[in-house]
Amino acid sequence: MTLELSEADAALVQALDRYNLLTIEQAERLGIANRKHIGERLNRLIKGKYAGRLEHKPLVRPAVYWLTERGARECSEYLSEGAESRARKKPYSGGAHARQRIEIVDCIIALNQWAARSGWVVNWTRVEFERKAGALESPARLIWENGVYVPDALVCLSAPSGEPFVFALEV
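Participant: Go over the overall build of the protein, please, and point to the residues and values.
Facilitator: Helix and strand counts for the protein stand at six helices and seven strands. Moving toward the C terminus, one meets the helices and strands of the protein in the order α-α-α-β-β-α-α-α-β-β-β-β-β. Dimensions of the protein, computed from the C-alpha atoms along their principal axes, are close to 50 × 35 × 35 Å. Put simply, the protein has 171 residues, and 43% of those count as buried. Expressed as a percentage of contacts within the protein between residues at least 6 apart in sequence, the contacts between residues at least 24 apart total 54%. When the accessible surface of the protein is totalled, it reaches about 9,700 Å², and 51% of it is carbon and sulfur.

Here is the structure:
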């Protein structure tokens, strides 16, 4: 069954593609819709197998959503290039790092919002849990003379003058 996407649905699949993992609170912060409407739209995307959900765990973390391969394939007109290869093939299991990954997404959302307000440009982000087709190593992995460093994220920004800045993000 192919779903016809509303404006909010399209914004949600775009956010799921961009951030890999997303909570209802984060989608609300992105201005997609109000909390209740986001929950309704995400439930619809889950029923259509366009998105997956890791259930809320009280006192540990909120529910976490992601884009499925089917969602990336069916919504490709709304998504960035390569979305299907980044989409989750298996459900996200959460584990010990789920809370930290939610916080990493919080930081990336805040960074994107700050850049949009201040005239800076976020050229790219590479998050340690980002899915890359066929890659076994994290896309945020750095190799140094004395070893390997894997920050939570790598970010490249350009100042209004055009000067680029690259930094590692640790939560």
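From this point on, the discussion continues.
Participant: Quick one: what's the story with the packing of aromatic side chains, residue by residue and with numbers?
Facilitator: Within this structure, the stated rule accounts for two aromatic pairs. Both rings, one in Trp114 and one in Trp120, keep their centres 5.4 Å apart while their planes meet at 45°; by these two values the pair is tilted. Taking the relative accessible area as the measure of exposure, Trp120 reaches 23% and is therefore partly exposed. Aromatic side chains Trp120 and Phe165 sit 5.5 Å apart centroid to centroid with 45° between the ring planes, which places their arrangement in the tilted category.

Procedures and definitions
Counting of residues starts from 1 at the beginning of each chain's written sequence and follows it residue by residue. Predicted model: local features are reported for residues with pLDDT of at least 70 only, side-chain atom pairs are reported and counted for 80 or more only, and whole-chain, interface and lining totals are derived from all residues. Side-chain metrics rest on all non-hydrogen atoms present in the structure, leaving aside hydrogens and water. Numbering of helices and strands runs from the N terminus, with a helix taken as a DSSP run of H or I at least four residues long and a strand as a DSSP run of E at least two residues long. Summary of the burial criterion: residues with accessible area below 20% of their type's maximum are buried, those above 50% are exposed, and those between are partly exposed, where the area comes from a 1.4 Å probe applied to protein chains only. In this analysis, two residues are considered to be in contact whenever any of their non-hydrogen atoms come within 4.5 Å of each other. Areas reported here follow the Shrake-Rupley algorithm with a probe of radius 1.4 Å; residue values treat only the protein chains shown as occluding. Here a Phe, Tyr or Trp ring, Trp counted by its six-membered ring, pairs with any other such ring whose centre lies within 6.5 Å, and the pair is stacked when the planes are under 30 degrees apart, edge-to-face when over 60, and tilted otherwise.

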